[in-house]
Amino acid sequence: RLKHYKNLWDPVIVLRDILHAISRAKDEVKTAPEYRKLAEAQENRAKISGDEKAIETAGKVMEIAAVYELYEKAKTEHNAVDFGDLIMLPAMLLEKDAVARDLTRLRHRHVLVDEYQDVNRASVRLLKALAGDGKNLWVVGDARQSIYRFRGASAVNMASFGTDFPGEVSKPLTVNYRSKQEIIETFSAFAGTMDLPNELRNLSLKAKRGAGGAVPSTSKFVTEDDEVAGIAASIKQLEKLGVPFKDQAVLCRTNPRIDEISQALEARGIPVLHLGSLFERDEVRDLLAMLSLATDRFGAAFARICASPRYKAPLQDVKTLLDYLRGSDKACLTRLGELASVPGLSAAGKAAIQQLVKDCAGLTPQQNPWDFLTTILLDRIDQLRVLASGTSIRQRMRSIAIWQFLNFLREQSPVHHGHPITTLLDRVRNLVLLAEERDLRQVPEAALQMNAVRLMTIHASKGLEFEAVHLPGLTVEGIPGKYRGLRCPPPEGMIAGWLGSVTDENRKSHDQEEECLFFVAMSRARTHLRIYYSSVQDNGNRRNPSAYLPKIAAKTHAIATPEMLPAPAGGITRVLVSKPADWIISDARMTSYEGCPRRFFYTHVLGIGTGRRTTPFERTHSVIHDLIRWLSRTRLTAPPSYDQTHAEFDRIWNEKGPLDHAFAADYQLLGRSLVDSLIDAGAGQTFEAVKPLTVPFKNGKVTVEPSEIARRGDGKLVIRRIRTGHQTEDEFDALEYFYYEKAAVAHYGAAAVVEALHLTDNMPTEVPRLTDRKLTSRTTKTEKLLGEIHGGEFKAKPNSFSCPRCPHFFICAAIPDGDLTIG
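Small disclaimer: the values here were computed from a predicted structure and weren't measured. Throughout this document, residue positions are counted from 1 along each chain, in the order its sequence is written. Under the rules for a predicted model, residues below a pLDDT of 70 receive no local features and side-chain atom pairs below 80 are neither given nor counted, while totals for whole chains, interfaces and linings still include all residues. The side-chain quantities take in all heavy atoms of the structure and omit both hydrogens and water.

*Asks:* Quick rundown of the layout of surface pockets? Include the residues and the values.
*Replies:* Within this model, the second largest pocket holds a volume of roughly 1,600 Å³. Here the term cavity refers to a set of points on a 1 Å grid, laid over the protein atoms alone, in which a 1.4 Å probe fits but cannot get out; the term pocket refers to an open set having protein on both sides within 12 Å along at least five of seven lines, with lining residues being those that place an atom within 4 Å of a point. Taken together, 46 residues line the second largest pocket, and the ones lying closest to its centre are Val140, Gly141, Asp142, Lys171 and Leu173. Strands here are runs of E lasting at least two residues and helices are runs of H or I lasting at least four, both read from the DSSP assignment and numbered beginning at the N terminus. At the level of secondary structure, the elements contributing two or more residues to the lining of the second largest pocket comprise strand E2 (137-139), helix H7 (156-159), helix H8 (161-164), strand E3 (175-176), helix H10 (198-201) and helix H23 (502-523). Element by element, the count of residues in the lining of the second largest pocket is highest for E2, at 3 residues. Grid points are joined across faces, edges and corners, and a volume is the space filled by probe spheres set on the points.

Listed below in structure tokens is the structure:
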């Protein structure tokens, strides 16, 4: 079922998307058999049309239908319901059972529904069954605030209210009790341009609070850093005008941007009321690093522990410990007693380990995470006492974060198999990866009165109001957010109110929701509304302003030269690394550094090993890569037969494959198909020994390590890069292909070619030559990256998708003090 998902790293992601698709079906009250019928009809239409894209989409829909049926069967066997059933099943019961319907109506004779724009179609059907003709039904809603499309909500339900309940009487609200008139005029002007029916779009509101004289403003900056500096200056300015920090809010489209702004405001001394991703906060990661001592045998946790005040030790000591532990098969916790005597440790390093031994005395890898950490926090160290006595907002937020984390640990279900700490750490990764830890981002109610600026997503701001609202990111891919397609499309004809194709209607729904989000954000403001955007991206390219800005230009004031509050002085943290002469920077390492310099440092400079458990999908691909290396050696003498290659694949599979997985046979079949693609791609070619190919640059050298070097039947020499997945749209823009081209020309002449072989696609592709402009830009970029590597710049690049997959997730972004020498 995975073949259609080109950027797949783990079947868990696909399962998450499919479960969302199933949930959407229940939002429409579509049972598994009904979903199957719609899917079959779509597949038949696609086959008749002969449209390959339509056939591929229909294939996805059929696969989701199959999973839906299996899912419902599994629930039936356990007599279980899911969240979607809590609306779907009552709706079906009341529609089909007249006795149940009449009894329920007698019990609930009058029905009031607030926030009607947020109902989904299943809720409407439940309401129709409950309220009958609707004479005793009262609903309140605003189609301009329909921002929960991912839950099946749609303005269509508002528009069709008269159809669902004939004889309805509509009364528009004419008085706004929240905002000043200037703000009302701004969001009303935008409302008039929204893609909604006229009766749901146009506003005629008067402010109960009257006019305030504070015209909403828009401020343009060059970079996002400048934009944050402008927000900080604006917050300070409003505070001087009498608007406390607690009455100001910064509303963002995404959580990552909130985290960036939060850090920038705190650096400028502005208190913020924001937890962010709980598991990525420094004080919580300190605790996660301590927990990882109980399961990790490579010593990765020391990179963070030795950077803390209690166990402070030089970076070189961490390297010494890592080298000592390399190859160990025991958890670090069980070996702490011997680490203080490791040769080469400094006095500070020995003292740190001795303190750690005392703090962890009596703890075991088999302990419950709650018991493990509370023993340290309450019995061994005074961190909680120090935090509890703190008076600053930042200290209090750290206390809240630890309290939130300990509550999370306490509420974990008992583990019946495996190590509790290992299970806990795996769960943390998955929660962050799937964005299922959002409840833990919420600041407790008791803390909301602290005098600090509120930071939240626009979605989270719904129903709230603030004296001043700061709205950053009004750019083409900020607000509105970029449309990212539909990975699990519903069957055509399933979604009520969708008249066009699934793709067109989903894009339209996305555009409508983005408009609603902007409307909601503006309407949260009581007196002050300040909008910000920047014109240049991090890579220097131009960033265009949002298309929404011209729609409110007549009602806002553009600030020509907005004030900025600069960040405190402080340069980039550099690590002076002394490397041996034979230490190479390969094309893969360059890609690693480009992706995240801090991960590069942990893996390739500090040399932290990893015992992270891989998924069956990753283990299958690892087997394939081992076979590729075997094949490159074997082909030098004679091309192996299919039988020989399959025999070697089976040998590697039995040694490293996911044999214990329930679908091991399916993964093995997938592996065999990729092996056949590999054999077919080498037919009629002669192979040469693979050797490293060095490419010189001004700031250093890059060593290309090709997958294969072969001579094709046409006599051309080929340097080949092999990957197991699909070729992506922007595949050849990656730096690796630039290095491959440079290496091919430098070592084999201009006639040599570079090929990309993607085994899932089962066809090699000759990589087109780069233009002179691209060669120049990639050379410049490489010189910059090499300069940063040799200059010791290893900054972290947070990413919500790749970070929880990183083996160093629990220790990032800590680096102990001092220089480093590697052998």
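*Asks:* Please set out the pairing of strand E15 (residues 700-704) residue by residue, giving values where relevant.
*Replies:* Per-residue accessibility, obtained with a 1.4 Å probe over protein chains only, is compared with the maximum for each type, and a residue is labelled buried under 20%, exposed over 50%, and partly exposed between these values. With 4 of 5 residues buried, E15 is to be regarded as a mostly interior element. One ladder, built from 5 bridges, connects strand E14 (residues 693-697) with E15; its direction is antiparallel. Looking across to E15, one finds that Phe697 is bridged to Gly700. In short, DSSP must find at least two bridges between two strands for them to pair.

*Asks:* How would you sum up empty space enclosed by the protein? Please name residues and give values.
*Replies:* Evaluated as defined, the whole model comprises 1 cavity of 30 Å³ or more. Its boundaries defined by the atoms lining it, the largest cavity holds a volume of some 30 Å³. As for the largest cavity, its lining consists of Phe298, Leu322, Arg326, Gly607, Ile608 and Gly609. Residues were grouped as follows: Ala, Val, Leu, Ile, Met, Phe, Trp, Tyr, Cys and Pro as nonpolar; Asp, Glu, Lys and Arg as charged; and all remaining residues, including Gly, as polar. Partitioned by chemical class, the residues of the lining of the largest cavity number 3 nonpolar, 2 polar and 1 charged.

*Asks:* Summarise the nonpolar core; cite the residues concerned and give the values.
*Replies:* In terms of nonpolar packing, the biggest core is built from 107 residues, with Phe279, Phe302, Phe405, Phe601 and Leu606 touching the most fellow members. The biggest single contributor to this core is helix H20 (residues 393-410), with 9 residues. Note on definitions: a residue-residue contact is assigned when non-hydrogen atoms from the two residues lie within 4.5 Å. Those residues in contact with Phe302 that lie beyond four places of it in its chain are Leu293, Val318, Leu321, Leu325, Cys332, Leu336, Leu339, Ile353, Leu356 and Pro816. If you look at the next biggest cluster of nonpolar residues, it comprises 50 residues, including Leu130, Ile184, Phe187 and Cys516. Here the nonpolar core consists of buried residues drawn from Ala, Val, Leu, Ile, Met, Phe, Trp, Tyr and Cys, with membership extended through side-chain atoms lying within 4.5 Å.

*Asks:* So what about the sheet that holds strand E19 (residues 763-766)? Which residues, and what values?
*Replies:* Taken together, the 5 strands give an open sheet; going across it, the order is E13-E16-E17-E18-E19, and neighbouring strands pair in mixed fashion. Strand pairing shows two members of the sheet lacking a second neighbour, strand E13 (686-688) and E19, which therefore form its edges. Each strand axis lies, on average, 35° off the axis of its neighbour in the sheet, ignoring direction. Strand direction decides the pairing type here: strand E17 (residues 717-723) and strand E18 (residues 753-758), joined by 6 bridges, are parallel. Structural elements are reduced to axes, namely lines fitted to C-alpha atoms, with helices fitted over the stretch in contact, and the angle between N-to-C directions of any two is expressed from 0 to 180 degrees.

*Asks:* Talk me through the packing of helix H2 (residues 32-49) against helix H3 (residues 52-77); I want residue IDs and the actual numbers.
*Replies:* The interhelical angle for the contact between H2 and H3, taken along N-to-C directions, is 160°, at an axis separation of 9 Å. By the angle class used here, H2 and H3 are roughly antiparallel. For the pair H2 and H3, the crossing hand works out as left-handed. Counting all contacts with H2, which are made through Ala32, Tyr35, Arg36, Ala39, Glu40, Gln42, Glu43, Ala46, Lys47 and Ser49, the residues of H3 involved are Ala54, Ile55, Thr57, Ala58, Val61, Met62, Ile64, Ala65, Ala66, Tyr68, Glu69 and Glu72. Its residues placed into classes, the contact of H2 with H3 shows 13 nonpolar, 3 polar and 6 charged. By definition in this entry, angles of less than 35 degrees are roughly parallel, angles greater than 145 are roughly antiparallel, angles of 65 to 115 are roughly perpendicular, and the rest are oblique. In this scheme the crossing of two helices becomes right-handed for a clockwise turn of the near helix relative to the far one and left-handed for an anticlockwise turn of less than a right angle.

*Asks:* Explain a nonpolar patch on the surface residue by residue, including any values.
*Replies:* Judged by side-chain polarity, Val81, Phe83, Leu86 and Leu89 come together as a nonpolar surface patch covering roughly 440 Å² of accessible area. The class for Leu86 is exposed, based on a relative accessible area of 51%. Patch construction takes residues with relative accessible area above 30% that form no salt bridge. Like charges are linked within 9 Å, and nonpolar side chains (Val, Leu, Ile, Met, Phe, Trp, Tyr) are linked within 5 Å. In these tables, accessible area is a Shrake-Rupley quantity obtained with a 1.4 Å probe, and a residue counts as shielded only by the protein chains included in the view. Salt bridge, as applied in this entry: a Lys or Arg side-chain nitrogen positioned within 4 Å of an Asp or Glu carboxyl oxygen.

*Asks:* Quick one: what's the story with unusual backbone geometry, residue by residue and with numbers?
*Replies:* With an omega of 10°, the peptide bond between Ile479 and Pro480 qualifies as cis. In this fold, Pro480 is placed in the loop between strand E9 (466-471) and H23. With an omega of 10°, the peptide bond running from Cys812 to Ala813 counts as cis. Turning to its location among the elements, Ala813 is positioned in the loop between helix H31 (772-790) and strand E20 (820-821). One non-glycine residue, Asn79, lies in the positive phi region at around 55°. Relative to the helices and strands, Asn79 resides in the loop between H3 and helix H4 (85-96).

*Asks:* So what about the environment of Leu291? Which residues, and what values?
*Replies:* Secondary-structure assignment places Leu291 in helix H13 (residues 282-292). On the basis of relative accessible area, Leu291 is assigned to the buried category, the value being 0%. In sequence terms Leu291 and Phe190 are 101 residues apart; their C-alpha atoms lie 51 Å from each other. Setting aside chain neighbours within four positions, we find Leu291 in contact with Pro369, Phe372, Leu373, Phe405, Ile421, Leu424 and Leu425.

*Asks:* I'd like a rundown of the packing of helix H18 (residues 369-380) against H20, residues and numbers included.
*Replies:* One can describe the packing of H18 onto H20 by two numbers: an axis separation of 8 Å at closest approach and a directional angle of 145°. Crossing handedness for the pair H18 and H20: left-handed. On H20, the residues that touch Pro369, Trp370, Leu373, Thr374 and Leu377 of H18 are Ile402, Phe405, Leu406, Leu409 and Arg410. Along the lines of polarity and charge, the residues of the contact of H18 with H20 split into 8 nonpolar, 1 polar and 1 charged.

*Asks:* Give me the lowdown on the packing of aromatic side chains, citing residues and values where you can.
*Replies:* Here the aromatic set is Phe, Tyr and Trp, taking the six-membered ring for Trp, and pairing holds for ring centres within 6.5 Å; pairs whose planes are under 30 degrees apart are stacked, those over 60 apart are edge-to-face, and all others are tilted. Across all of its chains, the model carries 23 aromatic pairs by this definition. An angle of 25° between the planes, with centres 6.3 Å apart, marks the rings of Phe405 and Phe408 as stacked. With Phe405 and Phe408 both in helix H20 and 3 residues apart, the pair spans about one turn of that helix. Classification of Phe405 by relative accessible area gives buried; the value is 0%. Note on Phe738 and Tyr739: the rings are 5.3 Å apart at their centroids and 50° apart in plane angle, and the pair reads as tilted. The two residues Phe738 and Tyr739 agree in class, both being buried. Members of the aromatic cluster, each reached through a chain of ring pairs, are Trp583, Tyr593, Phe600, Phe601, Tyr602 and Phe794. Here the guanidinium or amino end of Arg151 rests over the ring plane of Tyr148, the centre of that ring lying 4.3 Å away. We call a charge positioned above a ring when the Lys NZ or Arg CZ atom is no farther than 6 Å from the ring centre and deviates by at most 35 degrees from the ring normal. Here the basic side chain of Arg285 rests over the ring of Phe809, its NZ or CZ set 4.6 Å away from the ring centre.

*Asks:* Please provide a residue-by-residue account of the state of the cysteines, values included.
*Replies:* The term disulfide is used for any two cysteine sulfur atoms that are within 2.5 Å. Enumeration over the complete set of coordinates arrives at 0 disulfides. Residue Cys306 stays outside any disulfide, its sulfur separated by 11 Å from that of Cys332, the closest cysteine. The closest cysteine sulfur to the non-disulfide-bonded Cys596 is located on Cys812, 5.8 Å from its own sulfur.

*Asks:* Give a detailed account of the sheet that holds strand E5 (residues 217-221), specifying residues and quantitative values.
*Replies:* Sheet architecture is open: 7 strands sit in the order E7-E8-E6-E9-E10-E5-E11, paired in parallel fashion. Because the sheet does not close on itself, it has two edges, and the strands there are strand E7 (272-273) and strand E11 (557-559).

*Asks:* Which residues make up the pairing of E14, and what values go with them?
*Replies:* The two faces of E14 differ: Leu693, Val695 and Phe697 on one face are buried, but Thr694 and Pro696 on the other face are not. Connecting E14 to the next strand, E15, in antiparallel fashion are 2 residues.

*Asks:* Describe the pattern of salt bridges, naming the residues involved and giving the relevant values.
*Replies:* As enumerated under the stated definition, the model contains 57 salt bridges in all. Among the ionic pairs, Arg651 bridges to Glu655, the shortest N-O distance being 3.3 Å. You can see Arg651 and its partner Glu655 sitting in helix H28 (residues 642-656), 4 residues apart, about one turn around the helix. The structure contains a network of salt bridges with shared partners spanning Arg635, Glu708, Arg712, Asp714, Arg720, Glu755 and Glu766.

*Asks:* With reference to specific residues and values, describe H20.
*Replies:* Given a helix with a known number of residues, its expected span is that number minus one, times 1.5 Å. In this model H20 runs 26 Å from its N-terminal to its C-terminal C-alpha over 18 residues, within 8% of the 26 Å that 1.5 Å per residue would give. Of all the positions in H20, only Ile393, Met397, Ile400, Ala401, Ile402, Gln404, Phe405, Leu406, Asn407, Phe408 and Leu409 are classed as buried. Its buried side turned inward, H20 meets E7, H13, H18, helix H19 (383-388) and helix H21 (420-433).

*Asks:* Before we move on, could you go through the side chain of Gln42 and cite the residues and values that matter?
*Replies:* With respect to the helices and strands, the residue Gln42 is situated in helix H2. Here Glu492 takes part through its backbone nitrogen, which lies 2.8 Å from a polar atom of the side chain of Gln42. If we ignore the near neighbours within four places in the chain, the residues touching Gln42 are Thr57, Ala58, Val61, Pro490, Pro491 and Glu492. N or O atoms closer than or at 3.5 Å make up a polar contact, with two conditions inside protein: a donor-capable atom paired with an acceptor-capable one, and, for residues adjacent in sequence, both atoms drawn from side chains.

*Asks:* Summarise helix H12 (residues 255-267); cite the residues concerned and give the values.
*Replies:* Taking 1.5 Å per residue as the helical rise, H12 with its 13 residues ought to reach 18 Å, and the 19 Å between its terminal C-alpha atoms agrees with that figure. Along H12, the residues that are buried comprise Arg257, Ile258, Ile261, Ser262, Ala264 and Leu265. Turning to H12, the residues buried within the fold contact helix H11 (224-240), strand E6 (248-252), E7 and strand E8 (453-457). Backbone geometry just after H12 places Gly269 at a positive phi near 80°.

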